[in-house]
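Residue strings, one per chain:
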Amino acid sequence: MVSGGWITQADRSGWQRRAAGELVIILTGHPELPVIAWTVTASGGALSGQWRRALGLDEVTETPSAGGTALYLHARGVRGGVTVSVTATVFPPEGP
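Note that the structure is predicted; figures quoted are calculated from it, not measured.

**Student:** I'd like a description of the overall build of the protein chain, backed by residues and values.
**Tutor:** A tally of regular secondary structure across the protein chain gives one helix and five strands. Helices and strands in the protein chain line up, N terminus first, as α-β-β-β-β-β. When each of the 96 residues of the protein chain is scored for burial, the buried share is 26%. With the model as given, the accessible surface of the protein chain reaches about 6,700 Å², and the carbon-plus-sulfur share is 58%.

**Student:** Any details on helix α1 (residues 9-29)? Residues and values, ideally.
**Tutor:** Along its 21 residues, α1 runs 30 Å from first to last C-alpha, staying within 8% of the 30 Å computed at 1.5 Å per residue. Along α1, the positions that sit buried rather than exposed are Asp-11, Gly-14, Trp-15, Ala-19, Glu-22, Leu-23 and Ile-26.

**Student:** Give me the side chain of Ser-65: which residues, what numbers.
**Tutor:** For Ser-65, the position within the fold is in the loop between β3 (59-64) and β4 (71-79). A distance of 3.1 Å separates a polar side-chain atom of Ser-65 from the backbone nitrogen of Thr-69. With sequence-adjacent residues up to four places away left out, Ser-65 is seen in contact with Ala-70 and Tyr-72.

**Student:** How would you explain the nonpolar core if you had to name every residue and give the values?
**Tutor:** With nine residues, the main nonpolar core is built from Ala-19, Leu-23, Ile-26, Leu-33, Trp-38, Leu-47, Val-82, Val-84 and Val-86. Among the elements of the structure, α1 and β5 (82-90) are those that each provide at least two residues to this core.

**Student:** Outline the environment of Thr-87, listing residues and values.
**Tutor:** Positionally, Thr-87 belongs in strand β5. Placed 13 residues apart in sequence, Thr-87 and His-74 show a C-alpha to C-alpha distance of 4.5 Å.

**Student:** Report on the pattern of salt bridges, specifying residues and quantitative values.
**Tutor:** If you walk through the whole model with that rule in mind, you get one salt bridge. The partner of Arg-79 in a salt bridge is Glu-22, and the shortest N-O contact between them spans 3.1 Å. Taken together, the residues span a long stretch of sequence, with Arg-79 in strand β4 and Glu-22 in helix α1 at a distance of 57 residues. Relative accessible area serves as the criterion here: at 7%, Glu-22 is assigned to the buried category.

**Student:** Mind laying out the pairing of β3, listing which residues take part and the relevant values?
**Tutor:** Looking along a regular strand, one sees side chains alternate from face to face of the sheet. Burial analysis of β3 places just zero of its six residues in the buried class, a small minority of the element. Pairing of β3 with β4 involves six bridges; the strand directions are antiparallel. Following the sheet pairing, Val-60 is matched in β4 by Ala-75.

**Student:** Kindly report on the confidence of the model for the protein chain, identifying the contributing residues and their values.
**Tutor:** Mean pLDDT over the protein chain works out to 76, with 78% of the residues at or above the 70 mark. Within the protein chain, the element-level pLDDT minimum falls on strand β2 (residues 47-50), averaging 68, and the maximum on α1, averaging 88.

Conventions adopted
- All residue numbers here refer to positions counted from 1 along the written sequence of the relevant chain.
- For a predicted model such as this one, the threshold for reporting local features is a pLDDT of at least 70, and the threshold for listing and counting side-chain atom pairs is 80 or more; totals across whole chains, interfaces and linings nevertheless cover every residue.
- The side-chain quantities take in all heavy atoms of the structure and omit both hydrogens and water.
- Only DSSP runs of H or I covering at least 4 residues are called helices, and only runs of E covering at least 2 are called strands; the numbering of each starts at the N terminus.
- In this scheme, a residue with accessible area under 20% of its type's maximum is buried, one over 50% is exposed, and one in between is partly exposed, where area comes from a 1.4 Å probe on protein chains only.
- We get accessible surface area from the Shrake-Rupley algorithm with a probe of 1.4 Å; when it comes to residues, only the shown protein chains can shield them.
- Multiply 1.5 Å by the residue count of a helix minus one, and that product is the helix's expected span.
- N or O atoms within 3.5 Å of each other form a polar contact, as long as, within protein, one can give a hydrogen and the other can take it, and as long as residues adjacent in sequence are counted only when both atoms are side-chain atoms.
- Contacts are assigned to residue pairs with any non-hydrogen atoms lying within 4.5 Å of each other.
- Side-chain atoms within 4.5 Å are what join buried Ala, Val, Leu, Ile, Met, Phe, Trp, Tyr and Cys residues into a set we call a nonpolar core.
- A pair is scored as a salt bridge if a Lys or Arg side-chain nitrogen falls within 4 Å of a carboxyl oxygen belonging to Asp or Glu.
- What makes two strands pair is DSSP finding at least two bridges between them.
- Each residue carries a pLDDT score, the predictor's own confidence in it, on a scale running from 0 to 100.

This is the structure in structure tokens:
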């Protein structure tokens, strides 16, 4: 916990441990997920991953690319007290 406005190494370590613990819960609960890259962020120990599923996250946005060739997806939420952010780039299917 941050005291007196200063962030300590113990604060950062605690954030990382909580984020890593939540990642274990996500991966255990979704064994069908293929291997993807996950990052525990330096600011607050948030968990960030790139993936095509929202894992039940609440805040979802879809942004078309300028040329209309891709759709950028972003989902964000809190799981087990850890902020989780998931992104994906979806391209239209190729022709027949």
